[in-house]
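Chain by chain, the residues run as shown.
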Amino acid sequence: KYFFIRNLETMSIEELPSKYLMHKIKCKRSPNTVKRTAFSICYYMKYMAEKEMELTEVYQLDYEKQTEHFVEFLYWLKAGNHTEQTSGEKKCPNEGTCNAYLKDVFRFYLFIEAEYEQYGSLKTLSYNQIIEEHRGRTAKENQIITILQACTNRRDQLLLLMLAETGYRIGELLGVKYVKDIDYRNHMIRVCFREDNENEARAKNAEYRSAKISNDTFEFLMDYLAKYRKIMGENIGKPLRVDSVYDMLDRMEKKTGVKITPHMLRHYFANMRKQAGWELEMISQALGHKHLDTTIKYLD
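The following refers to the structure shown. Not measured: the values here are computed from a predicted model. (Residues numbered from 1 in each chain as written. Predicted model: local features only at pLDDT ≥ 70, side-chain atom pairs only at ≥ 80, totals over all residues. Heavy atoms only, no water.)

Quick word on the pairing of strand 2 (residues 188-191)
Then step 1. Of the two faces of strand 2, the one holding I189 and V191 is buried and the one holding M188 and R190 is not buried anywhere.
Then step 2. Here strand 1 (residues 182-183) runs beside strand 2; their pairing, made up of 2 bridges, is antiparallel. Among the inter-strand pairings, D183 is bridged to a residue of strand 2, identified as M188.
Then step 3. Counting the residues between successive antiparallel strands, the hairpin from strand 1 to strand 2 contains 4 residues, one of them, H187, with a positive phi of roughly 60°. (Buried < 20%, exposed > 50% of the residue type's maximum accessible area, 1.4 Å probe, protein only. Helix = DSSP H or I, 4+ residues; strand = E, 2+ residues; numbered from the N terminus. Pairing = 2+ DSSP bridges.)

As structure tokens, then:
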């Protein structure tokens, strides 16, 4: 599957960003990651269109003007100008989401610099110079219990338990195959990189890891496989998609007033392991991080 960005006025394909998305696919990034990147770049190009600027014109700005340009883009995002709501109300993203969009744009500019040396390099291409430090929120145990009690679907309860106990990314867990990736003797769940999962779930960075789940959650998993999968009707045996998980969590938030995301459960996993006495290197390896600095940001 490939992604491209089209100009809706001229109906022409935008070459630079589309070439970058192709590059992401060739680098084995997951379809969900590429899709998020595509949206980030689309938002930025909309911002540029409003300013009547071309991508390459940013290189001609001095350091101060470049910094101002990207700061204005952040405020533009925060004001909800990137989306058009049918209700007329703008959806204003939080700081973490805005940071992620800008980070994608910076990666895009790095690609341009690598491919087209004649443009030079951005004078202000430093993430920390523009964005304030962002630490993701950690799910609390009482919040997880509240969501678990509100779930009417055994599959959703099992999913939340396994996310909290493995620290896996949502794409990693949704890529688990019951036949191949579960060590039933040792209660281990394996992450295996595949490109052919029906739900497009994929391990990040072509990783392979394992995580042990508790005896209670393992018994819950066995009970689900033995009984509850049979009542899924036409969906039996079909893998869950990432969008469906977020839809479920949105419903739970409306029902309970408690917001939980898969990423917040990764933070929960990290902090629980810290309390259990794990060394930082062990937590980092379990989370699949390349750098310890990333792991430190997960810890309260």
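Further notes follow.
Quick notes on the side chain of R209
Then step 1. The topology assignment puts R209 in strand 3 (residues 209-212).
Then step 2. A residue is classified by how much of its surface remains accessible, and R209, at 11% relative accessible area, is buried.
Then step 3. Of the polar contacts made by the side chain of R209, one reaches the side chain of E172; its length is 3.0 Å.
Then step 4. In contact with R209, not counting residues within four places along its chain, are Y168, R169, E172, I189, R190, V191, Q285, A286, L287 and G288. (Polar contact = N/O pair within 3.5 Å; in protein donor to acceptor, adjacent residues only side chain to side chain. Contact = heavy atoms within 4.5 Å.)

Some words on the sheet that holds strand 1
Then step 1. The 3 strands are arranged 1-2-3 in an open sheet whose pairing can be described as antiparallel. Only two strands of the sheet have a single neighbouring strand rather than two, namely strand 1 and strand 3.
Then step 2. Alignment of strand 2 against strand 3, held across 4 bridges, turns out to be antiparallel. Paired with V191 across the bridge in strand 3 is R209.

Observations regarding helix 7 (residues 154-166)
Then step 1. Here helix 7 is 13 residues long and its end C-alpha atoms lie 18 Å apart, about the 18 Å a rise of 1.5 Å per residue gives.
Then step 2. The element helix 7 is extensively covered by neighbouring structure, given that 11 of its 13 residues are classed as buried.
Then step 3. Buried within helix 7 we find D156, Q157, L158, L159, L160, L161, M162, L163, A164, E165 and T166.
Then step 4. Just past helix 7, the residue G167 takes up positive phi, approximately 75°. (Expected span 1.5 Å × (residues − 1).)

Quick notes on helix 10 (residues 242-256)
Then step 1. With 15 residues, helix 10 extends 21 Å between its outermost C-alpha atoms, agreeing within 8% with the 21 Å of an ideal straight helix rising 1.5 Å per residue.
Then step 2. Three or more residues of helix 10 are buried, namely V242, V245, M248, L249 and M252. Across the axial projection of helix 10, the buried residues extend over an arc of 120°, all falling on one side.
Then step 3. Phi for G257, located one or two positions after helix 10, is positive at around 80°. (Arc of directions from axis to C-beta.)

Structural notes on the nonpolar core
Then step 1. Among the nonpolar cores identified, the biggest contains 39 residues, and I144, L159, L174, I189 and L265 are the most heavily contacted of them.
Then step 2. At the level of secondary structure, the elements contributing two or more residues to this core comprise helix 6 (141-150), helix 7, helix 8 (170-174), strand 2, helix 9 (215-226), helix 10 and helix 11 (262-275).
Then step 3. Look past the residues within four positions of I189 in its chain and what remains in contact with it is M162, Y168, V176, D181, I182, R209, S210, A211, I213 and L221.
Then step 4. Counting residues in each nonpolar core, the second largest holds 33 residues, with A38, W76, L77 and Y101 among its members. (Core = buried A, V, L, I, M, F, W, Y, C linked by side-chain atoms within 4.5 Å.)

A few points about the pattern of salt bridges
Then step 1. In the structure shown here, the tally under the stated rule is 9 salt bridges.
Then step 2. Of the charged contacts in the structure, one is a salt bridge between E115 and K19, with a shortest N-O distance of 3.4 Å. On the criterion of sequence distance, the pair formed by E115 in helix 4 (residues 95-115) and K19 in helix 1 (residues 15-26) is long-range, its members being 96 residues apart.
Then step 3. One salt bridge connects D156 with R155, and the closest N-O pair in it is separated by 3.3 Å. (Salt bridge = Lys/Arg side-chain N within 4 Å of Asp/Glu carboxyl O.)

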